[in-house]
There are 2 protein chains.
Amino acid sequence: MSVLELCDSEVAAVSVEANVADAICLMLERHVGAVGVIDREGRVAGIFTERDVLRKLSLSGRAPEKVPVRELMTTPVELATLATGPAEALATMVERHFRHLPVVDDTGKLLGMLSIRNVLQWRIDNLTQELDSLEHYVANDGPGG
Amino acid sequence: MSVLELCDSEVAAVSVEANVADAICLMLERHVGAVGVIDREGRVAGIFTERDVLRKLSLSGRAPEKVPVRELMTTPVELATLATGPAEALATMVERHFRHLPVVDDTGKLLGMLSIRNVLQWRIDNLTQELDSLEHYVANDGPGG
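Residues numbered from 1 in each chain as written. Chains lettered and ligands numbered in written order. Predicted model: local features only at pLDDT ≥ 70, side-chain atom pairs only at ≥ 80, totals over all residues.

Asker: Just give me the short version of the interface of chain B and chain A, but keep the residues and values in it.
Answerer: Opposite the 28 residues of chain B that make contact, chain A presents 28 residues. Within the residue set of the side of chain B that touches chain A, elements represented by two or more residues are helix H1 (20–30), helix H2 (50–57) and helix H5 (116–140) of chain B. Per-element accounting of the side of chain B that touches chain A gives the leading share, twelve residues, to H5 of chain B. Across the side of chain B that touches chain A, the residue classes break down as 17 nonpolar, four polar and seven charged. (Contact = placed C-beta atoms within 7 Å. Helix = DSSP H or I, 4+ residues; strand = E, 2+ residues; numbered from the N terminus. Nonpolar A, V, L, I, M, F, W, Y, C, P; charged D, E, K, R; others polar.)

Below you can see the structure in the form of structure tokens.
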């Protein structure tokens, strides 16, 4: 299973040339907590998140439409690829306290944005399924059946 | 198991008289995404979250030290009590798209703040444990053992 299947169908991203207000508008419009920041080739330059708004903008007294997003974005950023499994992504996110992990292709082009919530939910579904089938096995066949 | 065991040991809260800058400072200091907003008796009046900062403050052009937190807080807010189980809390949070759920005593006094991440992690630990013991059972004893 690819981590891309756990991402929103359309990835939210702004250009490195965008300002912070553009990025915030997109987050509000898409109901997401993070957007990718991409260059002209669509490659990930960084991510801009709710946490960046809280930490770097909210008490700064700066007008968001006058601040380039590249100034407040989080970069460098850890990336997942199509070869990254959900379990591996989850381990990285939990260990490093990341809420979001961009998924990129071979050239670094942004394909999707993974959120910790979706990955945790995947893990729960996954474990529940395993448990169900093992319970079914015990109830119906037994190890020798 | 009480949901309180899944909360941070010390709950982050500001007074209803506080301003938005006070609330943001506390969020940054404690590394949390939400603080409780409480009255003089410690009862929950609302919660103030990263999402409130993004939605209601970041593009408003208002100075956070001049905005009362009660103006931007989320209220009324769903509450958990000591009688709420983690599974019930999780169901509420997933269904209603809440990231945080305050835990209160009988009088409405704030005891802790539950985050969806901690509850999802609890569910994973819980399922993993169930799965491990069932696998152990199948390997060693079998249903008839």
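Asker: With reference to specific residues and values, describe unusual backbone geometry.
Answerer: Here the bond from Thr75 of chain A into Pro76 of chain A is cis, since omega is -5°, no more than 30 degrees from zero. Note on placement: Pro76 of chain A falls in the loop between helix H3 (69–72) and strand S4 (80–81). Here the phi dihedral of His97 of chain A falls at roughly 60°; this positive angle occurs in a residue that is not glycine. Relative to the elements of secondary structure, His97 of chain A occurs in the loop between helix H4 (86–96) and strand S5 (100–104). At His31 of chain B, a position not held by glycine, the phi torsion is positive, near 55°. Counting through the fold element by element, His31 of chain B comes out in the loop between H1 and strand S2 (34–38).

Asker: Lay out the sheet that holds strand S1 (residues 13–15) of chain A with the relevant residues and their values.
Answerer: Whether parallel or antiparallel, the strands of a sheet pair through hydrogen bonds between backbone atoms. Residues and elements named next belong to chain A. Spatial ordering of the open sheet is given by S1-S2-S3, a layout of three strands whose pairing is mixed. The outermost strands of the open sheet, each flanked by one partner alone, are S1 and strand S3 (44–49). Sheet twist, expressed as the average angle between the axes of neighbouring strands with direction ignored, equals 30°. Bridge count for S1 against strand S2 (residues 34–38) is three bridges, and the pairing is parallel. Counterpart to Val14 in the pairing with S2 is Val37. (Pairing = 2+ DSSP bridges. Axes fitted to C-alpha atoms, helices over the stretch in contact; angles between N-to-C directions.)

Asker: Describe the relation of the copies chain B and chain A, with residues and values.
Answerer: Note that the two copies of the chain are related through a rotation about an axis and a translation along the same axis. With an RMSD of 0.0 Å, chain B superimposes on chain A once it is rotated by 180° and translated 0.0 Å along the axis. The transformation relating the two chain copies, once decomposed into turn and shift, fits a two-fold axis. (Least-squares fit on C-alpha atoms with pLDDT ≥ 70 in both.)

Asker: Explain the environment of Gly46 of chain B to me, using residue names and the numbers behind them.
Answerer: All names here are of chain B. Within the secondary structure, Gly46 is located in strand S3 (residues 44–49). Each C-alpha atom, one on Gly46 and one on Arg70, is 7.7 Å from the other, the two residues being 24 residues apart in sequence. Filtering out sequence-adjacent residues up to four positions away, Gly46 remains in contact with Val37, Arg70, Met73, Thr74, Thr75 and Val77.

Functional significance is not addressed by these values, which are geometric in nature.
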